[in-house]
Amino acid sequence: MKLKITIPDSLMEIPLWRFQEYERMKGDEEDVELIAKLLVSNFCNIPIGVVDRIDVATYHLAVDTLSKVLTESPRLKSRFKWDGVEYGFIPDLDKMTMAEFVDCDTYISRIDQWHRLMTIFYRPIKKKFGKFYTIEDYEGSEKHHKIMKKVPLYYLQSAMVFFWSIANKLAIHTLQSSESNLKEEQVTQLNNLLLTSGDGINQSTDLLKAMFLDLRKSPL
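Residues numbered from 1 in each chain as written. Predicted model: local features only at pLDDT ≥ 70, side-chain atom pairs only at ≥ 80, totals over all residues. Heavy atoms only, no water.

A.B. asks: Lay out the packing of helix H4 (residues 98-107) against helix H5 (residues 114-121) in plain terms, naming residues and giving numbers.
C.D. replies: Running from N to C, H4 and H5 cross one another at 155 degrees; their axes reach a closest spacing of 9 Å. Our classification of the angle between H4 and H5 gives roughly antiparallel. As H4 runs across H5, the sense of the crossing is left-handed. For the pair H4 and H5, the contacting residues are Glu100, Asp103, Cys104 and Tyr107 in the first and Trp114, Arg116, Leu117, Ile120 and Phe121 in the second. (Axes fitted to C-alpha atoms, helices over the stretch in contact; angles between N-to-C directions. Helix = DSSP H or I, 4+ residues; strand = E, 2+ residues; numbered from the N terminus. Parallel < 35°, antiparallel > 145°, perpendicular 65-115°, else oblique. Left-handed = near helix turned anticlockwise from the far one by under 90°. Contact = heavy atoms within 4.5 Å.)

Take a look at the structure:
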């Protein structure tokens, strides 16, 4: 009997938690064939023991489709609704607080913490003024992190791409506006943080492409 599976063809169809679970399962595995099976098992929501029962054409289609989906560079969506609540992306990154910036730097290179990263990028909208809006103040990642595990991976990936595109400008602006109010030791620490954060963000936005490079070249 031919096994039918559902293949996600958009980041909007993949919840963040599922990608985190896939990354946890994959770990440091280097076997391309096993990685491909984990890919299909996780994102098509079937037991890995069932993957071998999929016909060859469908298996190839699933691997190719998923590898393309997971290496998308989506455009930023500034608002989205989830469970009746509307969330908005940080309206002005130039006014990002040090608490937000430091936590962002902590979470952005750790896939298992990306749901917490989402609580920095997106928070509930308090007021709307046409196309403008204000969001809740950042009070740490505890408040909404469980909800953010369930939202589509699209929103996080688009936010990371957008964030990196202006990271250098943000770093320079933050340092310049903060220096006058900081002690010499604090200025040095901030400078080091800003100089290294760009590399971390860049590595994270390229991470999905790197993970699936071998799969795209594989004869599977």
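A.B. asks: Describe in detail the nonpolar core, supporting the description with residues and values.
C.D. replies: Counting residues in hydrophobic clusters, the biggest one holds 53 residues, and the most contacted among them are Val40, Leu117, Met118, Phe121 and Tyr122. Top contributing element to this core by residue count: helix H7 (residues 153-165), with 7 residues. In contact with tyrosine 122, other than residues within four places in its own chain, are Leu76, Lys77, Ser78, Phe80, Tyr87, Gly88, Phe89, Met148, Tyr155, Ser158 and Ala159. (Core = buried A, V, L, I, M, F, W, Y, C linked by side-chain atoms within 4.5 Å. Buried < 20%, exposed > 50% of the residue type's maximum accessible area, 1.4 Å probe, protein only.)

A.B. asks: With reference to specific residues and values, describe the pairing of strand E3 (residues 122-129).
C.D. replies: As judged from the 3 bridges shared by strand E2 (residues 85-89) and E3, these two strands associate in the antiparallel manner. Within E3, the residue paired with phenylalanine 89 across the bridge is tyrosine 122. Of the strand pairs in this sheet, E3 and strand E4 (residues 132-135) are connected by 4 bridges, and their pairing is antiparallel. Bridging from a neighbouring strand, lysine 127 pairs with threonine 134 of E4. Where E3 folds back onto E4 in an antiparallel hairpin, the turn is made up of 2 residues, including glycine 130, whose phi is positive at roughly 65 degrees. (Pairing = 2+ DSSP bridges.)

A.B. asks: Residue-level account of the packing of aromatic side chains, with values.
C.D. replies: For the coordinates displayed, the defined rule picks out 12 aromatic pairs. The interplanar angle of 50 degrees and the centroid separation of 5.3 Å between the aromatic rings of tyrosine 22 and phenylalanine 43 together place this pair among those described as tilted. Residue tyrosine 22 is located in helix H1 (residues 16-26), and its partner phenylalanine 43 is located in helix H2 (residues 32-43); the two are separated by 21 residues in the primary sequence. By relative accessible area, which is 0% here, tyrosine 22 ends up buried. A relative accessible area of 4% places phenylalanine 43 in the buried class. Ring geometry for phenylalanine 80 and tyrosine 155: centres 4.1 Å apart, planes at 15 degrees, overall stacked. Taken together, the residues phenylalanine 80 in strand E1 (residues 79-82) and tyrosine 155 in helix H7 connect sequence positions 75 residues apart. The pair formed by phenylalanine 80 and tyrosine 155 is uniform in burial state, with each residue classed as buried. Feature note: the residues Phe80, Tyr87, Phe89, Phe121, Tyr122, Tyr154, Tyr155 and Phe162 constitute an aromatic cluster, connected by ring pairs. (Phe/Tyr/Trp six-rings, centres within 6.5 Å; stacked < 30°, edge-to-face > 60°.)

A.B. asks: Before we move on, could you go through H2 and cite the residues and values that matter?
C.D. replies: With 12 residues, H2 should cover 16 Å at 1.5 Å per step; its first-to-last C-alpha distance of 16 Å lies within 8% of that length. Burial analysis of H2 places 9 of its 12 residues in the buried class, which makes it a mostly covered element. For H2, the N-terminal capping position is held by aspartate 31, with its side-chain oxygen 2.9 Å away from the main-chain nitrogen of glutamate 33. One or two residues past the end of H2 sits asparagine 45, with phi positive at roughly 60 degrees. (Expected span 1.5 Å × (residues − 1). Polar contact = N/O pair within 3.5 Å; in protein donor to acceptor, adjacent residues only side chain to side chain.)

A.B. asks: Describe in detail unusual backbone geometry, supporting the description with residues and values.
C.D. replies: Residues other than glycine seldom take positive phi values, yet asparagine 45 does so here, at roughly 60 degrees. Exposure remark for asparagine 45: the relative accessible area of 57% places this residue in the exposed category. Positive phi is not limited to glycine here, since aspartate 83 has a value of about 50 degrees. Tracing the chain through its elements places aspartate 83 in the loop between E1 and E2.

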